[in-house]
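# Residue-level structure breakdown
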Amino acid sequence: MKKITSIFLSLFFAVNVLSAQEIIHLYQGTIPGNKNVPDNESSVTEGGILRISNITKPTLAIFLPAQPNGTAVVICPGGGYGINAMGHEGIEIARKFNEMGITAFVLKYRLPKDAAQEDKTIAPLQDAQQAIKVVRDNAVKWKINPNRIGIMGFSAGGHLASTAGTHFQKSFIENLNNTNLRPDFMLLIYPVISFVDTVGHMGSRDNLVGKNASPETIKLFSNEQQVSSGTPPAFLVHAADDKAVPSENSIRFYQALIKNKVPAELHIYQGGGHGFGLKNPTTKELWMDRCANWMAANGW
């Protein structure tokens, strides 16, 4: 029975992915930094969560609303840089944004592996930058205001989103037209932010930068230490009882934003744990409603 249920859920999520108006390859031609390795991408549904692993060919699933308001969000699912949790942290979120009139793009980003990339530490960031570039370059086609393009991330996807928001000054991709790679805002949901021993999620850190990363590399990817006055505004959500990724990650990032006079809003719930997606089971409040209010207050 469990096997039948798993197959059914996998098919259900596959149909949901296909319900996107279009799924495009993130890069036209060569994928930067990729080694010549077989495509062994696989997906499985466990506990109702769609887990996509061994991603070496990134894609962008496009969800267009019936009445677009001009705002777009690139969504980065979580998964510890070991999988993409594509369902409850991707597809479901995109559909919710569509209800608000927001155009959504679910990014299936590469998972860092020494065997697959020349420099695994920057492969996910390259994909995030490329996603922003693709959306901004096609703003007219998708009825998007190019100055209203945000990035969203859950858990390790939150680390990727916050990296895109703090490392945008340098282009890690080919960008001949000098397209602006800075997201206009960040939505970070129970995000991994820091790689510092006492706070960081070690699984995400080890997967991205390796177990023997230098102090300089750990600092570079501890995004609370990379905030500047140019960092885009942020909305953060976390649970105080999150044992996988301590709420201190969001707190430190929020404090760094405020110190640099960057607009930010932080919601920490008493309970909820980690990985709850759209609905925190411990409260009747819906964090997505708070997110919508924050976006509206800022003109997005």
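For the structure, check the block above.
Now for a description of the structure that goes with this document. (Residues numbered from 1 in each chain as written. Predicted model: local features only at pLDDT ≥ 70, side-chain atom pairs only at ≥ 80, totals over all residues. Heavy atoms only, no water.)

This part takes up helix H5 (residues 202-209). Buried residues of H5: Ser204, Arg205, Leu208 and Val209, and no others. Buried residues in H5, looked at end-on, bunch into an arc of 100°, giving them a common side. Those residues of H5 that are buried lie in contact with helix H3 (123-137), helix H4 (156-166) and helix H6 (215-220). A positive backbone phi angle near 90° is found at Gly210, which sits one or two residues after H5. (Buried < 20%, exposed > 50% of the residue type's maximum accessible area, 1.4 Å probe, protein only. Helix = DSSP H or I, 4+ residues; strand = E, 2+ residues; numbered from the N terminus. Arc of directions from axis to C-beta. Contact = heavy atoms within 4.5 Å.)

Before going further, it helps to examine the pattern of salt bridges. All chains considered together, the criterion is met by ten salt bridges. With a closest N to O distance of 2.9 Å, Asp127 and Arg110 form a salt bridge. Here Asp127 is found in helix H3, whereas its partner Arg110 is found in the loop between strand S7 (103-108) and H3, with 17 residues between them in sequence. The pair Asp127 / Arg110 is uniform in exposure class, with both members buried. As a salt-bridge pair, Asp197 and Arg205 come within 2.7 Å of each other at their nearest N and O atoms. Taking the relative accessible area as the measure of exposure, Arg205 reaches 10% and is therefore buried. (Salt bridge = Lys/Arg side-chain N within 4 Å of Asp/Glu carboxyl O.)

This part covers the side chain of Arg205. For Arg205, the position within the fold is in helix H5. There is a polar contact of 2.7 Å between the side chain of Arg205 and the side chain of Asp197. For Arg205, the residues in contact, after removing those within four places along its chain, are Phe195, Val196, Asp197, Gly210 and Ile218. (Polar contact = N/O pair within 3.5 Å; in protein donor to acceptor, adjacent residues only side chain to side chain.)

Attention now goes to the pairing of strand S3 (residues 49-53). Here strand S2 (residues 42-46) pairs with S3 via five bridges, running antiparallel. What sits directly across from Val44, in S3, is Arg51. Hairpin remark: S2 followed by S3, antiparallel, with two residues in the connecting loop; positive phi at Gly47, about 60°. In terms of strand pairing, S3 meets strand S6 (residues 84-85) through two bridges, oriented antiparallel. Within the sheet, the bridge partner assigned to Arg51 lies in S6 and is Ala85. (Pairing = 2+ DSSP bridges.)

Before going further, it helps to examine the packing of aromatic side chains. Under the counting rule described, the total for this entry stands at eight aromatic pairs. Relative to Phe276, the ring of Tyr190 lies with its centre 4.9 Å away and its plane at 70°, an arrangement referred to as edge-to-face. With Tyr190 in the loop between strand S9 (186-189) and H5 and Phe276 in the loop between strand S11 (264-269) and helix H8 (287-297), the pair connects residues that are 86 residues apart, well separated along the chain. Ring geometry for Phe235 and Trp294: centres 5.8 Å apart, planes at 40°, overall tilted. (Phe/Tyr/Trp six-rings, centres within 6.5 Å; stacked < 30°, edge-to-face > 60°.)

Glancing now at the nonpolar core. Core analysis: the biggest nonpolar cluster contains 82 residues, and Ile75, Phe97, Met152, Leu187, Trp287 and Met295 have the highest contact counts within it. Broken down by element, this core gets its largest block of residues, six residues, from H3. When sequence neighbours within four positions are dropped, the list of residues in contact with Phe97 reads Val73, Ile75, Ile102, Ala104, Met152, Leu187, Met288 and Met295. (Core = buried A, V, L, I, M, F, W, Y, C linked by side-chain atoms within 4.5 Å.)

This brings us to the sheet that holds S11. Across the sheet, eight strands lie side by side as S1-S4-S7-S5-S8-S9-S10-S11; this open sheet has mixed pairing. Looking at strand neighbours, the two that pair on one side only are strand S1 (22-25) and S11, the edges of this open sheet. Neighbour to neighbour, the strand axes of the sheet diverge by 15° on average, direction disregarded. With four bridges joining them, strand S5 (residues 72-76) and S7 adopt parallel strand pairing. (Axes fitted to C-alpha atoms, helices over the stretch in contact; angles between N-to-C directions.)

Glancing now at helix H7 (residues 248-259). Here H7 is twelve residues long and its end C-alpha atoms lie 16 Å apart, about the 16 Å a rise of 1.5 Å per residue gives. Among the residues making up H7, those that are buried are Asn249, Ser250, Phe253, Ala256 and Leu257. What you see down the axis of H7 is that its buried residues fit within an arc of 130°, all on one side. For H7, the secondary structure elements touched by its buried residues are H4, S9, strand S10 (234-239) and S11. (Expected span 1.5 Å × (residues − 1).)

Fair warning: the whole summary comes from geometry, so function is off the table for now.
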